[in-house]
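Structural features, examined
So the chains spell out like this:
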Amino acid sequence: MDNHNLNISFIGGGNMAQAIIGGLVRAGHNPQRLSMSDPDPAQRDNVHAIHSDIQVTDNNAAMLDAADLIVLAVKPQIMATVIGALPATAARDSCVFLSIAAGITLDSLQAWLNPAQAIVRAMPNQPALVGAGISVLTAMPTTTEEQKGWAQYVAAAMGEVAWIDDEALLDAVTAVSGSGPAYFYLFMEILAACGREMGLPAELATRLARQTGFGAGRIADESELELKALRSRVTSKGGTTAAALDILEQSEFRAIVERALRAARDRSVELGKNN
Ligand SMILES: NC(=O)c1ccc[n+]([C@@H]2O[C@H](COP(=O)([O-])OP(=O)(O)OC[C@H]3O[C@@H](n4cnc5c(N)ncnc54)[C@H](OP(=O)(O)O)[C@@H]3O)[C@@H](O)[C@H]2O)c1
């Protein structure tokens, strides 16, 4: 089947679902094959505004009708309740569920759905909201290659996609790319604050920090050079960048970042145990 004609349903129509739906429609997905359920009429209006042919409802059970793939896009804390309220139908057994909920394991999803259910779990990140995310996917062995291909197609609407076999590594993924955007925002905040302290107008300092983050990210994305090589291209011996980087190295910047990421990874492990 042409992926553009897959029947794709969304349970939960908030930020992430809208980002995926928008990405799918832009990529040429047939909007008549998309449907979404959400109790909030404002979210249903938002999705309808992306394309008026997308079916919207407040009835989650209706998402099972004819769906090839169902995206579970509700908050993690209500996932068990939402799945528990879905009717047990043959339609439910034959489709693949794609969960984007942070920290909800495949084992939990399987226990709430059924032992033979095809399930893919994705760990996306916030830039998914603008189609510039990266999602790492992992699947239950019950999921066919074709169903994995469908999940890959849907996740690609949020940006890049990678797969891992070992679900436990999603805790490290969470530490790097899941929480990662916040580290970069913090760094930009610090750049802007220092710029202000050095006398720059506040608006200009913020603009410099934002655009530098964006530009460096874009070069890192587009260049074939290693990150270290890109860094050395901005760092002439005895120059301004070298002076700054010397201070970062002397202050054990690397060790601090490593400690921070380990804390994020360990917290992800801890939260996973509660789901
Ligand atoms: N946002 C991110 O950057 C990000 C990154 C990685 C992973 N995720 C994961 O993506 C998932 C969705 O996040 P989000 O940011 O899109 O959250 P969101 O904007 O709050 O969307 C969730 C939607 O689900 C709706 N909902 C509540 N109860 C429901 C029910 N019983 N049945 C169907 N829908 C229901 C909510 O409606 P109400 O507003 O009325 O409650 C809301 O519209 C989460 O599990 C999160 O962990 C998000």
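Values in this document were obtained by computation on a predicted structure and should not be read as measured data.

1. Details of the packing of helix α7 (residues 170-178) against helix α12 (residues 253-273)
Contact geometry of α7 with α12 gives a least axis separation of 8 Å together with a crossing angle of 135°. By the angle between their directions, the pair α7 and α12 is classed as oblique. Between α7 and α12 lies a crossing whose hand is right-handed. Here D171, A172, T174, A175 and V176 of α7 come into contact with α12, specifically with L261, A264, R265, S268, V269 and G272.

2. Some remarks on the domain arrangement of the protein
You can read the domains of the protein as domain 1 (3-170) and domain 2 (178-273). Computed from C-alpha atoms alone, the centre-to-centre distance between domain 1 and domain 2 is 33 Å. Among the residues making up the side of domain 1 that touches domain 2, the classes are represented as 3 nonpolar, 4 polar and no charged.

3. Structural notes on the pairing of strand β4 (residues 69-72)
Burial of the side chains of β4 extends over both faces: L69 and V71 are buried on one face and I70 and L72 on the other. When β4 meets strand β5 (residues 96-99), the two strands line up parallel, connected through 4 bridges. Within β5, the position partnered with V71 by the bridge is L98.

4. As for the site of the ligand
The ligand sits among 25 residues. The nearest are G12, G14, M16, D40 and A101. Broken down by element, the shell around the ligand gets its largest block of residues, 3 residues, from helix α1 (residues 15-26). When grouped by side-chain class, the residues that make up the shell around the ligand number 13 nonpolar, 9 polar and 3 charged.

5. Concerning unusual backbone geometry
In this structure, A66 takes a positive phi of about 60° despite not being glycine. Assignment of secondary structure puts A66 in the loop between β3 (55-57) and β4. One non-glycine residue, E252, adopts positive backbone phi at about 60°. Summarising the element assignment, E252 is placed in the loop between α11 (240-250) and α12.

About the cut-offs
Residues numbered from 1 in each chain as written. Predicted model: local features only at pLDDT ≥ 70, side-chain atom pairs only at ≥ 80, totals over all residues. Axes fitted to C-alpha atoms, helices over the stretch in contact; angles between N-to-C directions. Helix = DSSP H or I, 4+ residues; strand = E, 2+ residues; numbered from the N terminus. Parallel < 35°, antiparallel > 145°, perpendicular 65-115°, else oblique. Left-handed = near helix turned anticlockwise from the far one by under 90°. Contact = placed C-beta atoms within 7 Å. Domains from an automatic or database assignment. Nonpolar A, V, L, I, M, F, W, Y, C, P; charged D, E, K, R; others polar. Buried ≥ 20, exposed ≤ 12 C-beta atoms within 10 Å, placed from the backbone. Pairing = 2+ DSSP bridges. Near = placed C-beta within 6 Å.

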